[in-house]
Amino acid sequence: AQLSHLCFGYEVDRYVAANSAEDGASLLDFLSDAVDYARLHRPRADIAVGVAVTLAALADAKGAQRWLLGDEAIAVYDPLNDAGELKSTASGAEEVGTALDTLVGGARLLALWEVGYPSAAGSSEKAQREYYTAMLGLLGERRERLSFVSFFALGDRAASDCDAEALLFGDDAAEAAL
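Please read all numbers here as calculations on a predicted model, not as lab measurements.

K.L.:
Sorry, what's going on with the nonpolar core here?
P.N.:
Generally speaking, nonpolar side chains in soluble globular proteins are found buried as a group. Counting 34 residues, the largest nonpolar core has Leu55, Leu58, Trp67, Val96, Leu110 and Leu112 as the members making the most contacts within it. Mapped onto this core, the elements with two or more residues apiece are helix 1 (12-18), helix 2 (21-41), strand 2 (48-54), helix 3 (55-59), strand 3 (73-76), helix 4 (91-104), strand 4 (110-115) and helix 5 (125-141). Among the elements that take part in this core, helix 5 stands out by supplying six residues, more than any other. Ala52, Ile74, Val76 and Trp113 belong to the second-largest nonpolar core, a separate cluster that totals five residues.

Written out as structure tokens, the structure is:
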């Protein structure tokens, strides 16, 4: 196996939105410098360097350019909306399609991380199948625009693991429930 991507940050748009404008601007300046340095010093020219944001950040035509600091757009798909509710089974394919349409003008490829949809916690195996059918259909149609796709949690994790992750990421409702 060879290194194909070098990524700085993870869902950086969420961090920027949750902090002061000054802290967000400082982080973006730091990431821009880090990406520039990595591009100059990468061991091979074919290693893509970028910053990971949520797919929703790239699907926003007005704001997407803000997050394109490297060679490729790198996005993480979250099947939950901002209110913590499960999105529709079609949402992943729709968001990827919108992000790819937004990125066409910049001629950038998209690397997708953690593409997934639960079969429990308010969902079902049928809904999960619908999600993957839609997503894999889109990925097949638009594969020339995708450099990398990883799937996450094809089997649901234990409820205790999900609760611990919710606490880690600051889910107040999860904390109150425990």
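K.L.:
Would you mind showing me how to read the confidence of the model for the protein chain here?
P.N.:
Fine structural detail should not be taken from predicted coordinates in areas where pLDDT scores are low. On average, residues of the protein chain score 83 in pLDDT, and 87% of them are at 70 or above. Confidence, expressed as mean pLDDT per element, reaches its minimum in the protein chain at helix 7 (residues 172-177) with 50 and its maximum at helix 2 with 94.

K.L.:
Where do I start with the pattern of salt bridges in this structure?
P.N.:
Pairs may arise between side chains of opposite charge once their charged atoms sit close together. Tallied over the entire structure, the rule returns eight salt bridges. The closest approach of N and O atoms between Glu11 and Arg14, which form a salt bridge, is 3.5 Å. Classification of Glu11 by relative accessible area gives buried; the value is 11%. As a salt-bridge pair, Asp101 and Arg142 come within 3.1 Å of each other at their nearest N and O atoms. With Asp101 in helix 4 and Arg142 in the loop between helix 5 and strand 5 (146-151), this pair connects stretches of sequence that are 41 residues apart.

About the criteria used
Residues numbered from 1 in each chain as written. Predicted model: local features only at pLDDT ≥ 70, side-chain atom pairs only at ≥ 80, totals over all residues. Heavy atoms only, no water. Core = buried A, V, L, I, M, F, W, Y, C linked by side-chain atoms within 4.5 Å. Buried < 20%, exposed > 50% of the residue type's maximum accessible area, 1.4 Å probe, protein only. Helix = DSSP H or I, 4+ residues; strand = E, 2+ residues; numbered from the N terminus. pLDDT = per-residue confidence, 0-100. Salt bridge = Lys/Arg side-chain N within 4 Å of Asp/Glu carboxyl O.

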